[in-house]
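Given next are the chains, with one letter for each unit.
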Amino acid sequence: VTVEVDENATSPYYYNDAYRGGVTADAMSGGNKSNTSSNSGGSSSGRGGSMARFTIYDRTLYAVSNSDMQMFALDNPQNPTVWAKINLGWNIETIFPYKDKLFIGSQTGMFIYENKDQRNPVQLCQFRHARSCDPVVAEGDYAYVTLRAGSICGGGQNRLDVVNIRDLTNPQLVKSYAMQEPYGVGVDGNNIFVCDGTAGLKLFDATDHTNLTLQSYITDFRTYDIIPMGTHAIVVGPDGLYQYDYTAANNLQLLSKISIGK
């Protein structure tokens, strides 16, 4: 059953790179329970997309600006406390938690931070790439990074990078895959989702990371970011919020849409 709900609201133009945001969701029943704690930082409080600038790990909120990561203590959620600020460099774009690590996307590379002491993250390494817009997600021994050209980030790359992070202090590029206009990226086991802008939503099988195979794709609308939830995914585009069932990876099914008027 497809459900469509119209909302009369003002929305940012998602494809203007001045817009910095993403999509987040509360933990939902029927989702990937093995991934609930990893993507939401050990808590069922919520889950962020790859383009998000803030995330929660246990009792700490992290928010990244262009150059810093600001932490807020959530011991008393009704009264968050400003905690500490860490300088990350410049051109910082996104933050994604996985287990006790924080993956930071910047225009020049991916940073990995050890976060066992959640109020005192420590940088483990930086994986550098050509200057480009750069969201990142991770699961298991691999991180997935999209690089996008033709924007304020500069650069001429449009691709998905698969990075081996088994040694967190020495990430290694496994392979790059050409894309059209990649924005957000999502991972759920061997399912790799790429929000490829004007080329729509693409779902790859990553059983062999050196040979990703396209399972299905949707070109009905431009896509910006995604959160895979185990059986269904939340996708955001310039005109609204979509929900797709990917139980059958070769046949994505639209479940609902919340339209956002401009």
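Quick summary incoming for the structure in this document. Just so you know, these numbers come straight off a predicted model, no measurement behind them. (Residues numbered from 1 in each chain as written. Predicted model: local features only at pLDDT ≥ 70, side-chain atom pairs only at ≥ 80, totals over all residues. Heavy atoms only, no water.)

### Structural notes on the pattern of salt bridges
Note the threshold: A carboxyl oxygen of Asp or Glu within 4 Å of a side-chain nitrogen of Lys or Arg is what we treat as a salt bridge. Helix numbering and strand numbering both begin at the N terminus, where a helix is a DSSP run of H or I of at least 4 residues and a strand a DSSP run of E of at least 2.
Within this structure, the stated rule accounts for 10 salt bridges. Of the charged contacts in the structure, one is a salt bridge between D75 and R119, with a shortest N-O distance of 3.2 Å. Of the two residues, D75 is situated in the loop between β6 (68–73) and β7 (81–87) and R119 in the loop between β10 (109–114) and β11 (122–128); the sequence distance between them amounts to 44 residues. Close ionic contact of K101 with E114 constitutes a salt bridge, the shortest N to O distance being 3.5 Å. Of this pair, K101 sits in strand β9 (residues 101–106) while E114 sits in strand β10, and the two are 13 residues apart along the sequence. A single salt-bridge network, built from bridges that share partners, covers D58, R59, D75 and R119.

### Quick look at the pairing of strand β17 (residues 191–195)
Consecutive side chains of a regular strand alternate in pointing toward one face of the sheet and then the other. We apply this condition: Any residue under 20% of the maximum accessible area for its type is buried, any over 50% is exposed, and the rest in between are partly exposed; the area is computed with a 1.4 Å probe on protein chains only. Here, strands pair whenever DSSP counts at least two bridges between them.
Most of β17 sits out of view: 5 of its 5 residues are buried. The side-chain alternation of β17 yields two buried faces, one formed by N191, F193 and C195 and the other by I192 and V194. The sheet contact formed by strand β16 (residues 185–188) and β17 spans 4 bridges and is antiparallel. Looking at the pairing, V185 lines up with V194 of β17. Here β16 folds back onto β17, and the loop between the two strands holds 2 residues, one of which, G189, carries a positive phi near 65°. In terms of strand pairing, β17 meets strand β18 (residues 201–205) through 5 bridges, oriented antiparallel. Within β18, the position partnered with V194 by the bridge is K202.

### Here we look at the packing of aromatic side chains
Put simply, the rule reads: In this analysis, rings of Phe, Tyr and Trp, with Trp reduced to its six-membered ring, are considered paired at centre separations within 6.5 Å, and the interplanar angle assigns stacked below 30 degrees, edge-to-face beyond 60, and tilted for intermediate values.
Using the criterion set out here, one finds 5 aromatic pairs in the structure. Measuring from ring centre to ring centre gives 4.9 Å for F193 and Y246, while their planes differ by 75°; the resulting arrangement is edge-to-face. Here F193, found in strand β17, pairs with Y246, found in the loop between β22 (240–245) and β23 (253–260); they are 53 residues apart in sequence, far enough to count as distant. Given the relative accessible area of 1%, F193 is considered buried. A centroid spacing of 3.8 Å and a plane angle of 10° characterise the contact between F221 and Y242, whose relative ring orientation is stacked. Residue F221 is located in the loop between β19 (213–218) and β20 (225–228), and its partner Y242 is located in strand β22; the two are separated by 21 residues in the primary sequence.

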